[in-house]
Amino acid sequence: MMASVKTLLFFLQWVLHYAVCREVSVPTGPLYRVAGFSLSLPCSVSGYEGPRMQSFEWYLYRDAAPAIQIGIVSTLDKEFPYAIYQARVRSGEVRVERDSGDKVRLVVQRLRSEDQGKYECYTPTTDARYLGTYSDSVVVKVIPDTLQISFLRSLTGQPMPEGAELTLTCSASIQSEVLTHLSVTFGKRGGPGVRSGASSEVHTYHKEIISIDNLLRVIPGNSYKKRYDDGEITLEKRNGPGGHDVYVMKMKAVQPDDTGSYFCEASQWIRDPDKSWQKIAQRMLDIGNLTVLQLAESLTVTSSPRGEVPLQVGSPLILTCEVLGLPSEVDSGLLVQWMKRGSVSSDGVATGGVEVEVVRMSPDSVVSWGDDPSRASGGSMEKVAFGKYSLKLFSARSADAGVYQCMVSVYAGRRNPGSSTAATLTQRSEGVTVTRKAKEVLVAAVAQLPRGPLLKRGSTVTLICNTNVTTTGPAQPQVKWLWRPIPAPVIKTRQGSPSETSSPNLPVEEKPRLIAAIMHDGVAQVYSNGSEVSIDRLSANSYRLRVHSANLDDQGVYTCQAEAWGMDPNGAWYNTGAKAESNTVTVYLYARAADLLLIPLVVGVSSALFVGIVIIAAVTCCFMKRLAKRRAQK
């Protein structure tokens, strides 16, 4: 059994030793390369014995003398190159680049016609036994350089406005004796500088914009893919004169980032016998420099009239928005919106609150009303000239007061942008303050406490407010009842004098509290203060406040306040801003008769009880003393 195992192990070792042998390999030929451009020939060795770092030698057998071996370069011997290659090897034009210990590549930086022939890669043996292949060869054909590239028109460096269309044209051709393909790429250098490490040297980036590859596929650069998908960048191949293909790249709307130096690059490709595509020639041509003028530097949005606009309710309101600084040679779409924030009354401007859109005109001139679509029948928005728009409200309402701004979104170079297209720039005008111009309104209010019995706790307190509104057109008062406590005098003592004197200081007033109100539309609102309160309208101009079952907390100073509300031509009520406050009425509450009898009754009962107790105590004391004397005599 042990003998058979040893025999098997010996057999496996013998098979492994003779099956694994040295093998050198280079690509399958023939390989076609272009004169003047580089050649890179890989060579690898496997199945070898000895160190991992293997040596390589390259030889050439020219077509003119196929039997003569010419030494090119060696990784082992610096004196290996023949005389015709020594200068090129010393300069590095011909060299061996090592990928790993057993993989290298021969690089000829600029091929010459005399470099055509059969190339042999040889590896000196490091094996214990001479077994396998120690070299491999490939035929290299050097074809003439026929790649041509040119442009029809260069960029002059003249600044171009943002949104303008850019067209670049590049012509390229090849006339090769073998089948090769052509690819063309448009690219850009320049833009923001990038510093390299700690060095102060600034390098400009290099970007591929779009290309047609060797299989005629249009491929955008990574940074330009979205613009290509949106149809903003295109590249097409056209048939030109003399067999020269013409490649046309278009940018429909240039952006500030498009500033830079542009180039066109043409590459010649061939498919090697191993089915891989190899770039065998390449040329780059500078087209020129482009400077894009930013729209933000020239665009301004203004609105008129400027400043504050007093508005009479029912009168027309006209606002104008003008867009200046748009380049005439760029066909841009504009989205114009009128925005309003806050409300304005005769008392002043309130610029807070939520901003709402009043109306907009889309780039295709469609008008839509934002916060109140019903205004479409009472207003209009029109384009009166290039970059000039007007907003008209035929009969202004009270709610139309506020701060207006014209907001313009520019789609540079895009006349009809899609719904998902982002605006190139959005800018606002200064605010136009529209205030309500109060018409002639006079308001008067008088408060009174009707004559009657003294007010006592638990009774009903009645207060009357008589108002008067004088104006043109329909008007209604809005009445509010306010309450504040009766101010108590503050005693101020003067220190340091021989005798103390006191003098009352001014009363400290508290902020009035709203008790009840009747709105302009007749709706009564009661704000609870712990008592039962009601408010009603006795006549057109007379309003009544009643406090039922009044208590001490209802004592105080009462005031009536009237505000005038008018009706605009559209039938909507609005606050005219005119108001008046009545005189003050002070309400005191007295104790009831039953409360007045309670105090004497309590005092009388208490006194009687006290006197009775004293008498009983005196009588009892005298009786006990007399009784004690009688007992002593016995």
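Remember, predicted model here, so these are calculated numbers, not experimental data.

What counts and what doesn't
- Just so you know, the residues in each chain are numbered from 1, in the order the chain's sequence is written.
- Under the rules for a predicted model, residues below a pLDDT of 70 receive no local features and side-chain atom pairs below 80 are neither given nor counted, while totals for whole chains, interfaces and linings still include all residues.
- Excluded from the side-chain calculations are hydrogens and water; all other atoms, namely the structure's heavy atoms, are used.
- Secondary structure elements are defined from DSSP: runs of H or I of at least 4 residues count as helices, runs of E of at least 2 residues count as strands, and each element is numbered from the N terminus.
- Between buried and exposed lies partly exposed: a residue is buried under 20% and exposed over 50% of the maximum accessible area for its type, with that area taken using a 1.4 Å probe on protein chains only.
- We call two residues contacting when some pair of their heavy atoms lies within 4.5 Å.
- Areas reported as accessible are Shrake-Rupley estimates using a 1.4 Å probe. Residue values count occlusion only from the protein chains shown.
- Here, patches come from residues exposed beyond 30% relative accessible area and free of salt bridges, joined within 9 Å for like charges and within 5 Å for nonpolar side chains (Val, Leu, Ile, Met, Phe, Trp, Tyr).
- A carboxyl oxygen of Asp or Glu within 4 Å of a side-chain nitrogen of Lys or Arg is what we treat as a salt bridge.
- If DSSP finds at least two bridges between two strands, the strands pair.
- Here the axes come from fitting lines to C-alpha atoms, over the contacting stretch only for helices, and the angles between their N-to-C directions go from 0 to 180 degrees.
- Stacked, tilted and edge-to-face pairs are distinguished by plane angle, under 30 degrees for stacked and over 60 for edge-to-face with tilted covering the rest, among Phe, Tyr and Trp rings (Trp via its six-membered ring) whose centres lie within 6.5 Å.
- Sitting over a ring, as applied to charges here, requires NZ of Lys or CZ of Arg to be within 6 Å of the ring centre and within 35 degrees of the ring normal.

**Student:** Any chance you could explain the overall build of the chain here in plain terms?
**Tutor:** Looking only at helices and strands, the chain features four helices and 45 strands. The buried share of the chain, taken over its 634 residues, is 38%. In the chain, once contacts between residues fewer than 6 apart in sequence are set aside, the share between residues at least 24 apart is 62%. Of the accessible surface of the chain, which amounts to about 35600 Å², a share of 54% is contributed by carbon and sulfur atoms.

**Student:** Got a minute to help me understand a nonpolar patch on the surface in this structure?
**Tutor:** Among the surface-exposed residues, Leu454, Tyr588 and Tyr590 lie close enough to one another that they form a single nonpolar patch of about 350 Å² accessible area. Tracing the sequence through the fold places Tyr590 in the loop between β45 (573-587) and α4 (593-633).

**Student:** What is the right way to look at the sheet that holds strand β6 (residues 94-100) in this model?
**Tutor:** Within a sheet, neighbouring strands are paired by backbone hydrogen bonds and run either parallel or antiparallel to one another. The strand order across the open sheet built from four strands is β1-β3-β7-β6, with neighbouring strands paired in antiparallel fashion. Two strands bound the open sheet, and with one partner strand each, they are β1 (23-25) and β6. If you compare each strand with its neighbour and ignore which way they point, the axes differ by 20 degrees on average. As paired strands, β1 and strand β3 (residues 39-46) are joined by three bridges and run antiparallel to one another.

**Student:** How should I be thinking about the pattern of salt bridges in this particular structure?
**Tutor:** In a structure, side chains of opposite charge can pair up when their charged atoms sit close to one another. For the structure shown, the criterion picks out 26 salt bridges. A salt bridge links Asp63 to Lys141; its shortest N-O distance comes to 3.9 Å. Placement of the pair is Asp63 in the loop between β4 (57-62) and β5 (70-74) and Lys141 in strand β9 (residues 135-143), with a sequence separation of 78 residues. Residues Arg189 and Asp286 are paired through a salt bridge, measuring 2.3 Å at the closest nitrogen-oxygen approach. Of this pair, Arg189 sits in strand β14 (residues 181-189) while Asp286 is found in strand β22 (residues 277-290), placing the two residues 97 residues apart along the sequence. When salt bridges that share partners are traced, they join Arg88, Glu93, Arg110 and Asp115 into one network.

**Student:** Before we go on, may I ask you to explain the packing of aromatic side chains in this structure?
**Tutor:** Using the criterion set out here, one finds one aromatic pair in the structure. Where Tyr59 meets Phe80, the ring centres are 5.2 Å apart and the plane angle is 75 degrees; that geometry is what we call edge-to-face. Taken together, the positions of Tyr59 in strand β4 and Phe80 in the loop between β5 and α2 (83-91) put the pair 21 residues apart, joining distant regions of the chain. Each member of the pair, Tyr59 as well as Phe80, is classed as buried. Its guanidinium or amino end placed over the ring of Tyr61, Lys118 lies 5.2 Å from that ring's centre, counting from NZ or CZ.

Any functional reading would require information that these geometric values do not contain.
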